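Each chain is listed here by its residues.
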Number of protein chains: 2
Amino acid sequence: MKRRTTLKDLAKELNLAASTISRALDDHPGISPETKEKVLNKAEELGFTRNSIASSFRKNKTLTIGVIVPRIDIHFHSLVISGIEEFAYKAGYNVTIFQSRDSIKRETKITKILQNKMSEGVIICLGTETDSYEHFEKLNRLKIPLVFYDRVPSDYEANKIIINDYESAFKATEHLIEIGCKRIGHIGGSQSTGIFKDRYEGFKAALTKHGFPMDKKLVHFTRELSYEEGALVAKKLLNLENRPDGIFCSNDYTAVSAIQVFQKNNIKIPNEISIVGFSNYPISKIIEPHLTTVNDRAFEMGMAAARLLIRQIEEEEDIIQSEIVTIKTELIVRESTMRSS
Amino acid sequence: MKRRTTLKDLAKELNLAASTISRALDDHPGISPETKEKVLNKAEELGFTRNSIASSFRKNKTLTIGVIVPRIDIHFHSLVISGIEEFAYKAGYNVTIFQSRDSIKRETKITKILQNKMSEGVIICLGTETDSYEHFEKLNRLKIPLVFYDRVPSDYEANKIIINDYESAFKATEHLIEIGCKRIGHIGGSQSTGIFKDRYEGFKAALTKHGFPMDKKLVHFTRELSYEEGALVAKKLLNLENRPDGIFCSNDYTAVSAIQVFQKNNIKIPNEISIVGFSNYPISKIIEPHLTTVNDRAFEMGMAAARLLIRQIEEEEDIIQSEIVTIKTELIVRESTMRSS
DNA sequence: CTGAAAGCGCTTACAG
DNA sequence: CTGAAAGCGCTTACAG
């Protein structure tokens, strides 16, 4: 097996020092243009590419960031990763991805893998099982910057990229009020998860502001906001004596299944019941009527996470900073709330 | 700034040689259990983790594979990446991802990044612009194993993970024939892309086998199989004097929009027109009626790609092998082809 | 503008 | 079972 060409090989060929070759390849100002050209040509000729591992080792920089997501194939996360990759690529960083699959055991093991200087920083969305943060403490102690997004640790100081769930839910609910809904229901997620609790709180606050009473019968929490759970809740709402005429759902899957359940029961959407979802999933533009929903701007979250992380990696400071970035959401109004009056 | 603890620090603390520490941490058989325990305890105490860059550099192994996809946020690719990550994780490899965004320029630049030994192997799905493979030749010359999936180079010997598009389309079409369709149409993708051409060929072959004439009016090719293009084609099919009673679509987006267009025109699905899609996207289980489609088993493609790549990385052979792995698809029959007769 | 030398933190073949 | 030594391929501070 032929050995890969090294700097030294180039140096010998050209009767130059390895240090000169290294500088020439870096386009260092203190190297003559002629030498640079000779080196570049020879490198091309011998098919030389610098061994980046040796370089990383020597410079103590890997230009790599690690990303831990529960699952890559969840659209939200794939969008965030896309944003991370986009920003990182332009900044010259590589992105290494890991799936925790919502297992705290696997999440912990991944943090161990990331401890050994392979990644200069880590971006994480916590798994559902995760309720302690010791495994991240270790990274902190090693001065590896961390940025959390979406499912972030509560009562734990850290860099966080979030959206304003409370405010987004407030606006979504207010939108239903503005189009004339009088009895507004909510299909929510697990209240032990911060973001879903915030969405519920925002919903309640909008009702209160406009002097609407809270009818507990119109509020249902699901375990994981699944399509199937959405249908179950929708059926319950349908069978109420006093049905809702508007529903704010904490995600798009439940909103879509609610639409389908209502339609099957000959209820007109949006005129009899108007629906708002959350997340702006591709399905929201396909379901008929198209779904009004909150765009959570996942790609921008990813960009922001990478931007913050890389800034902290490159900062000279020795102290790990804690910063919270809130990404602005927008309500996308579509047919599911466009009443013909 | 405090220096990270190194092997040498541990060695000094314990009055042992660095080599002994290294072996103890590796659970090397030739080290006494007592020494191992001492080393492990001290490592824990000093918060020592091995510098994996130094280790990679020394061993000339990074245990990292690179993945180039057009876009991460396309569901198919996120599923493939999930499969790659799953297999790689279990095999002790890390996965670094890059998006070519269908730009050959960016794809080429990424292959340059991957040339410098950072990745021991590369998995790629070609971008739509890519029609030459020089940039991959370079990786070949450096003996970095390559595995292509989905959009693979034609007339270029390489490792490829594919599905049998021809056969899958054949079976999907035959299914339409079996349920009683007499005039079967096709919404296809660009015929300059191998997989879409194969699907069309499979469609034709099924018609031929069962003695059905080919009616060119029932076949339409789109540029990128988008939801919007699907609707346009569906409208054309709808306005034909002699409408189809079954349609095989080369993806799920066009199938879904066709369903919606027909429904809006009061055509009953599946009884008047039956529809089959391709890919088993999440939407296929949500659209009503649920869509019959070909499960292309993207996760398994990813697993297979990682398996093949890692095997070639670890093989001693100096020659790069070329292997083609065909992943078995399955037709998932749902309501869009369940006729009540 | 170029070179000689030291050294990054490991691993491993060799020796005992 | 343990150690001493060499060296992986770069980069950089220093010297001239």
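Now for a description of the structure that goes with this document. (Residues numbered from 1 in each chain as written. Chains lettered and ligands numbered in written order. Predicted model: local features only at pLDDT ≥ 70, side-chain atom pairs only at ≥ 80, totals over all residues. Heavy atoms only, no water.)

## A word on the protein's contact with DNA strand C
- Close to DNA strand C lie 26 residues; A:Thr20, A:Arg23, B:Ser22, B:Arg23 and B:Arg58 are nearest.
- At 2.7 Å, a side-chain N or O of A:Thr20 approaches a phosphate oxygen of DNA strand C.
- A distance of 3.1 Å is found between a phosphate oxygen of DNA strand C and a backbone nitrogen or oxygen belonging to A:Ser32.
- Those elements that provide at least two residues to the surface near DNA strand C are helix H2 (18–25) and helix H4 (52–59) of chain A together with helix H2 (18–25) and helix H4 (52–59) of chain B.
- Of the residues forming the surface near DNA strand C, the biggest block, 5 residues, is contributed by H4(B).
- In terms of residue class, the surface near DNA strand C is made up of 9 nonpolar, 11 polar and 6 charged. (Near = heavy atom within 4 Å. Polar contact = N/O pair within 3.5 Å; in protein donor to acceptor, adjacent residues only side chain to side chain. Helix = DSSP H or I, 4+ residues; strand = E, 2+ residues; numbered from the N terminus. Nonpolar A, V, L, I, M, F, W, Y, C, P; charged D, E, K, R; others polar.)

## Quick look at H2(A)
Residue and element names in this part refer to chain A.
- Among all positions in H2, only Thr20, Ile21 and Ala24 are buried. The buried residues of H2 all sit within an arc of 100° when viewed along its axis, so they share a single face.
- If you follow the buried residues of H2, they end up packed against helix H1 (7–14) and helix H3 (33–46). (Buried < 20%, exposed > 50% of the residue type's maximum accessible area, 1.4 Å probe, protein only. Arc of directions from axis to C-beta. Contact = heavy atoms within 4.5 Å.)

## Quick look at the protein's contact with DNA strand D
- Around DNA strand D lies a shell of 26 residues, among which A:Ser22, A:Arg23, A:Arg58, B:Thr20 and B:Arg23 are the nearest.
- Taken together, the sugar and phosphate atoms account for 58% of what DNA strand D places within 4 Å of the protein.
- Note that a phosphate oxygen of DNA strand D is positioned 2.9 Å from one of the backbone N or O atoms of A:Leu7.
- At a separation of 3.1 Å, a phosphate oxygen of DNA strand D approaches a polar backbone atom of B:Ser32.
- For the surface near DNA strand D, the secondary structure elements donating two or more residues are H2 and H4 of chain A together with H2 and H4 of chain B.
- It is H4(A) that provides the largest number of residues to the surface near DNA strand D, a total of 5 residues.
- Split by residue class, the surface near DNA strand D holds 9 nonpolar, 11 polar and 6 charged.

So far we have only geometry, and geometry alone does not tell us how the molecule works.
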